[in-house]
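Read off the chains here:
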Amino acid sequence: MASQEILREEPRSGSFINDPKVRGIFFQAVVVIVLVALVWWIVQNTIDNLTRLRIASGFGFLRGRAGFDISDSAIAYSSDSTYGRAILVGFINTLIVAVSGIITATIIGFILGVGRLSHNWLIRKICTVYVEVFRNIPPLLVIFFWYSGVLSVLPAPRESINLPFSSFLNQRGFYFPRAVWGEGSWLILVALLLGIAMAWFVARKARQRQMATGQQFPVFWTSAALIIGLPLLAYALSGFPLSFDYPKQSTFNLTGGFQVKPEFLSLYLALSFYTAAFIAEIVRAGIMGVSKGQTEAAGALGLRPGSILRLVVIPQAMRIVIPPLTSQYLNLTKNSSLAIAIGYPDLTATTGTVLNQTGQAIECVLIMMVVYLALSLLTSAIMNVVNARMALVER
């Protein structure tokens, strides 16, 4: 009877510390309290310092007169413009560098990645040396190389290097004809947009036709005819409203045309060539990730090596390439902040000048953080959409 009573007794509850659920809640609560206290201390300390230095917080300073010039601006700007417009100029310059660099780095990287797998010994070794050299050098040194070692040693303006299409290259940058749009030139832009839309429609229908029947359609030449031919037709129908302002050599400088300054060229070329080395390795890994049986099966069907690479290997490799490719696009965008080292007025440079003049450190740093975060999230969102479209969908 005594033993039965002992078995019927309920087990005593142990300490709550031994309960994993209670212990987890307890430690999470401690972490949250510590974080809240830390944030409160930082905010309170910042407010006290701003009060002591008599610095007003807020973004009202963006409406004040900037009082400084910017050497390279894609929009109208002068020293009488506001601080907000100065930051906008820097943002646009950063966006131009990022977009142009991403496009160029992608093209060069894909060529190098395919070249590293070439059967030609010389091409394979040249691509390998390029990748190993550029990806093992800090990007800032690459920028200095283009700025101080390449562009600064070019001839003076009076001895400019003549390039095709009435273009010139010298120490002060790259000069090429500037388009002058006349009345009715809007029709050319409309025709270009229409050509792009029609090319996309043709490519989509051609893909559906190939998936259904196996028959190919000359998408490239059709798209080229639409994108080039329609604007040319609109150019003729609108009375040839487009003309060009050509650069001309004078005694000490070049006049007319459009100038791309050496600061932009250095940053653009450095980031493009530097990032292309990493993209090349990603492309090479993606191609090697495709089963060799796919290549052999395509060859057995009579496809040529170029067609096998374009129609069989690359589409499957893109499923491997796109996710790490996104990281390289983000790195290029963030590395554009190194432009301050050579005096290119990007977002970091212009916002830094505003910070020095106004003393609004918190607001200026917050603006830069939000802008770079927004650019990174936008790039990631676009690449996620592309990745979703390229993903293998099970039937």
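Residues numbered from 1 in each chain as written. Predicted model: local features only at pLDDT ≥ 70, side-chain atom pairs only at ≥ 80, totals over all residues. Heavy atoms only, no water.

An unreviewed UniProt entry lists the protein under the name Amino acid ABC transporter permease, from Mesorhizobium wenxiniae. If you open the UniProt record of the protein and go to Sequence similarities (unreviewed entry), you find "Belongs to the binding-protein-dependent transport system permease family. HisMQ subfamily." (UniProt positions renumbered as here; feature names shortened; annotations may be inferred.)

Trainee: Before we move on, could you go through the UniProt feature "domain: ABC transmembrane type-1" (unreviewed entry) in the protein and cite the residues and values that matter?
Mentor: The sites that carry the UniProt feature "domain: ABC transmembrane type-1" (unreviewed entry) are, in the present numbering, residues 91-383. The span residues 91-383 carries 69% helix and 9% strand; its end-to-end C-alpha distance comes to 21 Å. (Helix = DSSP H or I, 4+ residues; strand = E, 2+ residues; numbered from the N terminus.)

Trainee: A description of the sheet that holds strand β2 (residues 167-170) should follow, citing residues and the corresponding values.
Mentor: Pairing between the strands of a sheet is mediated by backbone hydrogen bonds and can be parallel or antiparallel. Strand order in this open sheet of four strands is β1-β2-β3-β8, and the pairing throughout is antiparallel. The open sheet is flanked by β1 (161-163) and β8 (258-260), the only strands paired with a single partner. Adjacent strand axes in the sheet meet at a mean angle of 20° when their direction is disregarded. Pairing between β2 and strand β3 (residues 173-176): three bridges, direction antiparallel. Paired with Asn-170 across the strands is Gly-173, a residue of β3. (Pairing = 2+ DSSP bridges. Axes fitted to C-alpha atoms, helices over the stretch in contact; angles between N-to-C directions.)

Trainee: Hey, could you go over helix α6 (residues 186-213) for me, with residue numbers and the actual values?
Mentor: With 28 residues, α6 should cover 40 Å at 1.5 Å per step; its first-to-last C-alpha distance of 40 Å lies within 8% of that length. Looking at α6, one finds that the buried residues are Ile-188, Ala-191, Gly-195, Ala-199, Val-202 and Ala-206. Packed against the buried residues of α6 are β4 (178-181) and α7 (219-237). One or two positions beyond α6, positive phi appears at Gly-214, with a value near 85°. (Expected span 1.5 Å × (residues − 1). Buried < 20%, exposed > 50% of the residue type's maximum accessible area, 1.4 Å probe, protein only. Contact = heavy atoms within 4.5 Å.)

Trainee: So, the packing of helix α3 (residues 83-115) against helix α4 (residues 121-134): which residues are in play, and what are the values?
Mentor: Relative to each other, α3 and α4 sit at 130°, their axes nearing to 8 Å. With respect to α4, the element α3 is oriented oblique. For the element pair α3 and α4, the recorded crossing hand is left-handed. Within the contact between the two elements, α3 uses Ile-108, Leu-112 and Gly-115 and α4 uses Ile-123, Arg-124, Cys-127 and Tyr-130. Here the residues of the contact of α3 with α4 sort into five nonpolar, one polar and one charged. (Parallel < 35°, antiparallel > 145°, perpendicular 65-115°, else oblique. Left-handed = near helix turned anticlockwise from the far one by under 90°. Nonpolar A, V, L, I, M, F, W, Y, C, P; charged D, E, K, R; others polar.)

Trainee: Tell me what's going on with the pattern of salt bridges, and back it up with residues and numbers.
Mentor: In total, this model carries six salt bridges according to the counting rule given. Salt-bridge contacts for Arg-135 lead to Glu-281; the nearest nitrogen and oxygen are separated by 3.7 Å. Placement of the pair is Arg-135 in the loop between α4 and α5 (139-151) and Glu-281 in helix α8 (residues 262-288), with a sequence separation of 146 residues. A salt bridge links Glu-281 to Arg-284; the nearest nitrogen and oxygen atoms lie 3.1 Å apart. Of this pair, Glu-281 and Arg-284 both sit in helix α8, separated by three residues, roughly a single helical turn. Judged by its relative accessible area of 23%, Arg-284 is partly exposed. Salt bridges here are not isolated pairs; linked through shared partners, they connect Arg-116, Glu-132, Arg-135, Glu-281 and Arg-284. (Salt bridge = Lys/Arg side-chain N within 4 Å of Asp/Glu carboxyl O.)

Trainee: Which residues make up the packing of aromatic side chains, and what values do they have?
Mentor: Applying the stated rule across the entire model yields 15 aromatic pairs. Summarising the aromatic geometry, the rings of Phe-134 and Phe-273 are spaced 6.3 Å apart at their centres and angled 35° between planes, so their arrangement reads as tilted. With a gap of 139 residues between them, Phe-134 in helix α4 and Phe-273 in helix α8 connect regions that are remote in the sequence. For Phe-273, a relative accessible area of 22% translates into the label partly exposed. Between the aromatic rings of Phe-264 and Tyr-268, the centroid separation amounts to 5.8 Å while the plane-to-plane angle is 0°, which identifies the pairing as stacked. (Phe/Tyr/Trp six-rings, centres within 6.5 Å; stacked < 30°, edge-to-face > 60°.)

Trainee: Report on a nonpolar patch on the surface, specifying residues and quantitative values.
Mentor: Side chains of Leu-189, Leu-192, Leu-193, Ile-196, Ile-227, Ile-228 and Leu-232 sit close together on the surface and give an oily, nonpolar patch of about 620 Å² of accessible area. At the level of elements, α6 and α7 are the ones that each hand at least two residues to the nonpolar patch. In terms of residues, the nonpolar patch owes the most to one element, α6, which gives four residues. With respect to the element layout, Ile-196 can be found in helix α6. (Patch = residues over 30% accessible without salt bridge, like charges linked within 9 Å, V, L, I, M, F, W, Y side chains within 5 Å. Areas by Shrake-Rupley, 256 points an atom, 1.4 Å probe, with all protein chains shown as cover.)

Trainee: Describe the UniProt feature "transmembrane region" (unreviewed entry) in the protein, and please don't skip the residues or the numbers.
Mentor: Those residues carrying the UniProt feature "transmembrane region" (unreviewed entry) are residues 25-43, 87-112, 133-154, 184-203, 224-244, 264-283 and 365-386 in this numbering. With 100% helix and 0% strand, the stretch residues 87-112 has end C-alpha atoms that lie 37 Å from each other. Summarising residues 365-386: 100% helix, 0% strand, and an end-to-end C-alpha distance of 32 Å.

Trainee: Requested: an account of the domain arrangement of the protein, with residues and values cited.
Mentor: Assigned domains of the protein: these are domain 1 (83-163 + 260-390) and domain 2 (178-245). Distance from the C-alpha centre of domain 1 to the C-alpha centre of domain 2: 27 Å. (Domains from an automatic or database assignment.)

Trainee: Provide a residue-level description of the nonpolar core, including the pertinent values.
Mentor: One finds Tyr-130 and Leu-267 to be the most contacted residues of the largest nonpolar core, which totals 46 residues. For this core, the secondary structure elements donating two or more residues are α3, α4, α5, α8 and α10 (305-335). Sorting elements by how many residues they give to this core places α8 first, with 15 residues. Those residues in contact with Leu-267, other than ones at most four positions away along the chain, are Val-97, Ile-143, Ser-336, Ala-339, Ile-342 and Tyr-344. Of all hydrophobic cores here, the second largest spans 17 residues; its members include Phe-61, Cys-364, Ile-367 and Tyr-372. (Core = buried A, V, L, I, M, F, W, Y, C linked by side-chain atoms within 4.5 Å.)

Trainee: Any chance you could break down unusual backbone geometry for me, citing the residues and the numbers?
Mentor: Phi angles above zero are rare outside glycine, and Phe-165 is one such case at about 60°. Following the sequence through the fold, Phe-165 ends up in the loop between β1 and β2. Overall, Phe-165 belongs to the exposed group, its relative accessible area being 73%. Although it is not a glycine, Ser-166 sits at a positive phi angle of roughly 55°. Note on placement: Ser-166 falls in the loop between β1 and β2. Residue class for Ser-166 comes out partly exposed when judged on its relative accessible area of 36%.

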